[in-house]
Amino acid sequence: MAVKNLEKTVVSTLEKLEKLKLDEKLYAELSWCLKSYEYDNNPIGVIEKSQKALELFKAKREENSRAISKKLIEDLEKITLN
């Protein structure tokens, strides 16, 4: 996945976590991992935390299909599968 797409997807994920007030700890960890990734270009932490966000978003989408966009879930799946 292109660096720009990875960063854009993670920023969108952070915005959604904050907007829905889903998991403050995950928000903080993912935010930290994104800054670390920008510094060292090592995506391991971003991928791990994105997987957790993906699981959380899928569960939330089952409760309310309008809460999380299908595109965001698909973008997260691309990050975590690569």
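Details of the structure are given in the entry above.
A. Quick peek at the pattern of salt bridges. Counted under the stated rule, the structure contains six salt bridges. A salt bridge links Lys25 to Glu29; its shortest N-O distance comes to 3.9 Å. Residue Lys25 and its partner Glu29 are both found in helix α2 (residues 24–40); the two are separated by four residues, about one turn of the helix. One salt bridge in this structure joins Lys35 and Glu38, with 3.8 Å as the shortest N-O distance.

B. Molecular detail of helix α3 (residues 44–63). In this model, α3 (20 residues) spans 29 Å end to end at C-alpha, consistent with the 28 Å of a helix rising 1.5 Å per residue. Buried within α3 we find Val46, Ile47, Lys49, Ser50, Ala53, Leu54 and Phe57. Burial along α3 is one-sided: seen end-on, the buried residues are contained in an arc of 160°. Pointing more than 90 degrees away from the buried face of α3 are the exposed residues Glu55, Glu62 and Glu63.

C. View of the packing of α2 against α3. One way to put it is that α2 packs onto α3 with a least axis distance of 8 Å and a crossing angle of 150°. Considering the angle they form, α2 stands roughly antiparallel to α3. Along this stretch, α2 crosses α3, giving a crossing that reads as left-handed. Contact residues: α2 offers Leu26, Glu29, Leu30, Cys33, Leu34 and Tyr37, while α3 offers Gly45, Val46, Lys49, Ser50, Lys52, Ala53 and Leu56.

D. View of the environment of Leu26. Within the element layout of this structure, Leu26 appears in helix α2. Along the backbone, Leu26 and Lys49 are 23 residues apart, and their C-alpha atoms lie at a distance of 7.1 Å. Those residues in contact with Leu26 that lie beyond four places of it in its chain are Leu17, Lys49, Lys52, Ala53 and Leu56.

E. Seen up close, the packing of α3 against helix α4 (residues 70–81). Where α3 contacts α4, the axes come no closer than 9 Å and their chain directions differ by 150°. The orientation of α3 relative to α4 falls into the category roughly antiparallel. When the axes of α3 and α4 are compared, the crossing they make is left-handed. From α3, Ile47, Ser50, Gln51, Leu54, Phe57, Lys58 and Arg61 reach across to α4, where they touch Lys70, Leu72, Ile73, Leu76, Glu77, Ile79 and Thr80. Grouping the constituent residues of the contact of α3 with α4 by class yields seven nonpolar, three polar and four charged.

Quick notes on the rules
Residues numbered from 1 in each chain as written. Predicted model: local features only at pLDDT ≥ 70, side-chain atom pairs only at ≥ 80, totals over all residues. Heavy atoms only, no water. Salt bridge = Lys/Arg side-chain N within 4 Å of Asp/Glu carboxyl O. Helix = DSSP H or I, 4+ residues; strand = E, 2+ residues; numbered from the N terminus. Expected span 1.5 Å × (residues − 1). Buried < 20%, exposed > 50% of the residue type's maximum accessible area, 1.4 Å probe, protein only. Arc of directions from axis to C-beta. Axes fitted to C-alpha atoms, helices over the stretch in contact; angles between N-to-C directions. Parallel < 35°, antiparallel > 145°, perpendicular 65-115°, else oblique. Left-handed = near helix turned anticlockwise from the far one by under 90°. Contact = heavy atoms within 4.5 Å. Nonpolar A, V, L, I, M, F, W, Y, C, P; charged D, E, K, R; others polar.

From the geometry alone we can't say anything about function, so treat these as descriptive.
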